[in-house]
Amino acid sequence: MTQPETYTLDHAKVLLQRGKRAAGLAKSVAMGVSYTHRIKDRPTSNEQVSHYLQLVCQQACRALQVEVIPLKPIPQELALWTCNHISWLDIAVVGSIIPTFFISKAEIADWPIMGKVTQAAKTLYIKRGSGDSGYVSRLMAQDLAAGKPLIFFPEATTSDGTGILPLHGKLLQSAMDTQTPIQPILITYVNADGKLDDMIPYTDMTMAESIQRIVDNRPSKAYILPLDKIEPADHTRDELTAMLQAAMIDGLQRMHAQVLS
C-alpha cells in the first residue's frame with residue numbers, strides 16, 4: 001500500500017525540481033537575449049561584457065544547483081586559458097568565476113541555453129574540419145594583444161571526465177605569437193556521494209537528453225583547479241601541446257585524489 005504513495009511523492013519532487021530549474025535556466029537565457037539586444041550597435045568594453053557573462057553564468061549554475069568551488073585562487077593575469085571539456089555546463093561553470101571570453105565550436109551557437117550566452121559574450125566560433133583554425137588563431141592573437149583574455153577546450157570534444165583526451169594545439173599559436181602565458185584549469189563534477197557525477201558528461205546522447213539529465217540531477221559540486229601557467233617562449237607548438245597534455249593529465253589525477261571519496 002505504501003509503494004504507490006512513495007512513488008507519487010518522489011515523482012512530485014522530481015517535477016517540482018524540474019520546474020524550478022527550468023525556470024531558472026529560462027531566466028539565464030532571457031538575461032543573455034536581453035543583453036544581446038541592449039548592446040546591439042553600441043560600443044561595449046570587454047570588462048562590461050565579461051562581467052555580464054559572469055552574471056548570466058552564475059544564474060545558470062544557481063538554477064541547476066551546481067556549486068562552483070575553486071581549489072586554489074583563480075589567477076587574474078592576462079592569459080590564454082585552456083580547460084578540459086565534460087559538458088555544455090562547463091561554459092556556465094568556468095564563466096561564473098573567470099572573466100574571460102570563449103573560443104568554441106560553431107555548433108554551440110545553436111545550443112538552446114549556452115548558445116545565447118556565448119553569442120552575447122562575443123564568442124569566437126570555429127567550424128570543425130573547416131581548416132579555419134589559422135584564421136581563428138590570428139583573431140585570438142589580436143584579442144590577446146589588446147588585453148582580452150580567452151579560453152578554449154583543447155580536447156575539442158567532451159569526455160566522461162575520468163581522463164584527458166588527446167589535445168589539439170593549433171590555437172596555442174595565438175599565445176606564441178603574442179607571448180601570452182597559457183593558463184590551464186581543470187573541472188571535476190562530484191555528486192553527493194563524493195563520486196564523479198556521471199549525470200553531467202555530455203557524451204553519446206542528444207542535447208535534449210543531456211539537459212533533462214542535468215535538470216533532474218541531484219545538487220552537484222563543480223571543482224575548479226588552476227594549474228601552473230606555461231610560458232610559450234622558446235617552445236614549438238608541438239612542445240607546448242605536449243607540455244599542456246602532461247600537465248592536465250597529472251593535474252586531473254591529483255585533483256581526483258583530493259576531491260573524490
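Below: a short report on this structure. Because the structure is a prediction, the values reported are computed rather than measured.

How each quantity is defined
Residue positions are given per chain, counted from 1 along the sequence in the order it is written. Under the rules for a predicted model, residues below a pLDDT of 70 receive no local features and side-chain atom pairs below 80 are neither given nor counted, while totals for whole chains, interfaces and linings still include all residues. Side-chain metrics rest on all non-hydrogen atoms present in the structure, leaving aside hydrogens and water. Should a side-chain nitrogen of Lys or Arg be within 4 Å of a carboxyl oxygen of Asp or Glu, the pair is scored as a salt bridge. A run of H or I in DSSP becomes a helix once it reaches four residues, and a run of E becomes a strand once it reaches two; helices and strands are each numbered from the N terminus. A simple rule labels every residue: compare its accessible area, found with a 1.4 Å probe on the protein chains alone, to the largest value its type can have, and call it buried under 20%, exposed over 50%, or partly exposed in between. Working definition: a ring pair exists when centres of Phe, Tyr or Trp rings (six-membered ring for Trp) sit within 6.5 Å. Plane angles under 30 degrees give stacked, over 60 give edge-to-face, the rest tilted. We count Lys and Arg on the positive side and Asp and Glu on the negative side, and we leave His and both chain ends out. The definition of a polar contact used here is a pair of N or O atoms within 3.5 Å, where within protein one atom must be able to donate a hydrogen and the other to accept one, and adjacent residues in sequence count solely through side-chain atom pairs. Contacts are assigned to residue pairs with any non-hydrogen atoms lying within 4.5 Å of each other. Throughout, a disulfide means two cysteine sulfur atoms within 2.5 Å of one another. Strand pairing is assigned whenever DSSP detects at least two bridges linking the two strands. Here an axis means a line fitted to C-alpha atoms, over the contact stretch when the element is a helix, while the angle between two N-to-C directions is reported on a 0 to 180 degree scale. Among the buried residues, those of types Ala, Val, Leu, Ile, Met, Phe, Trp, Tyr and Cys that are joined through side-chain atoms within 4.5 Å form a nonpolar core.

## Some points on the pattern of salt bridges
Where charged atoms from two side chains of opposite charge approach closely, those side chains can pair.
Here comes step 1: A full pass over the atoms with the stated rule returns four salt bridges.
Here comes step 2: Taking the shortest distance from any N to any O, the salt bridge between arginine 254 and aspartate 250 comes out at 2.9 Å. Of this pair, arginine 254 and aspartate 250 are both found in helix H8 (residues 237-259), four residues apart, which corresponds to roughly one turn of the helix.
Here comes step 3: Look at arginine 254 and you get partly exposed, because its relative accessible area is 45%.

## Quick notes on the packing of aromatic side chains
Here comes step 1: Evaluation of the coordinates by the stated rule reveals one aromatic pair.
Here comes step 2: Residues phenylalanine 102 and phenylalanine 153 carry aromatic rings whose centres are separated by 6.4 Å and whose planes lie at 25° to one another, so their mutual orientation is stacked. Here phenylalanine 153 lies in the loop between strand E5 (150-152) and helix H6 (173-178) and phenylalanine 102 lies in strand E3 (residues 101-105), a separation of 51 residues in the sequence.
Here comes step 3: Using a relative accessible area of 1% as the deciding quantity, one classes phenylalanine 102 as buried.

## Some words on the side chain of aspartate 197
Here comes step 1: Structurally, aspartate 197 is set in the loop between strand E6 (182-190) and helix H7 (207-215).
Here comes step 2: The buried charged residue aspartate 197 lacks any salt bridge partner; its closest oppositely charged side chain belongs to arginine 218, at an N-O distance of 6.8 Å.
Here comes step 3: Only 2.9 Å separates the side chain of aspartate 197 from the side chain of asparagine 217, close enough to count as a polar contact.

## Side note on the environment of proline 201
Here comes step 1: Among the structural elements, proline 201 can be located in the loop between E6 and H7.
Here comes step 2: Apart from the residues within four sequence positions on either side, proline 201 is in contact with Ile86, Ser159 and Asp160.

## Topic: the state of the cysteines
Here comes step 1: This model, assessed by the stated rule, comprises zero disulfides.
Here comes step 2: Counting only cysteine sulfurs, cysteine 57 is the nearest neighbor of cysteine 61, a cysteine outside any disulfide, at a range of 6.8 Å.
Here comes step 3: For cysteine 61, a relative accessible area of 4% translates into the label buried.

## Details of the sheet that holds strand E1 (residues 66-70)
Across a sheet, paired strands are connected by hydrogen bonds in the backbone, their directions being either parallel or antiparallel.
Here comes step 1: Here we have seven strands laid out as an open sheet, ordered E1-E7-E6-E2-E5-E3-E4, and mixed in their pairing. Taken across any chain shown, the strands that pair with only one partner, and hence form the sheet edges, are E1 and strand E4 (124-126). Neighbour-to-neighbour, the strand axes of the sheet open up by a mean angle of 25°, direction not taken into account.
Here comes step 2: Judged from the six bridges that link them, E6 and strand E7 (residues 220-226) form a sheet pairing that is antiparallel. Considered in E7, the bridge of tyrosine 189 is made with alanine 222.
Here comes step 3: Helix H2 (residues 46-63) contacts E1 and E3 of the sheet and is inclined by roughly 65° relative to E3.
Here comes step 4: Helix H3 (residues 89-97) rests against E1, strand E2 (80-83), E3, E5, E6 and E7 of the sheet, and its axis sits at about 120° to E6.

## Details of unusual backbone geometry
Here comes step 1: Its identity is not glycine, yet glutamine 65 carries a phi of approximately 55°, on the positive side.
Here comes step 2: Topologically, glutamine 65 is positioned in the loop between H2 and E1.
Here comes step 3: Not every positive phi belongs to a glycine, and aspartate 204 is a case in point at roughly 55°.
Here comes step 4: Inspection of the secondary structure assignment puts aspartate 204 in the loop between E6 and H7.

## Some points on the nonpolar core
Here comes step 1: In this structure, Leu64, Trp88, Leu89, Val93, Val94 and Tyr189 are the most contacted members of the largest nonpolar core, which totals 34 residues.
Here comes step 2: Elements that contribute at least two residues to this core include exactly H2, E2, H3, E6, H7 and E7.
Here comes step 3: In terms of residue count, the dominant contributor to this core is H3 (five residues).
Here comes step 4: What leucine 64 contacts, discounting residues up to four positions off in sequence, is Arg21, Leu25, Trp88, Leu89, Ile214 and Val215.
Here comes step 5: Judged by nonpolar contacts, the second largest core, of 30 residues, contains Val49, Leu80, Val136 and Ile182.

Purely geometric numbers; function is a separate question.
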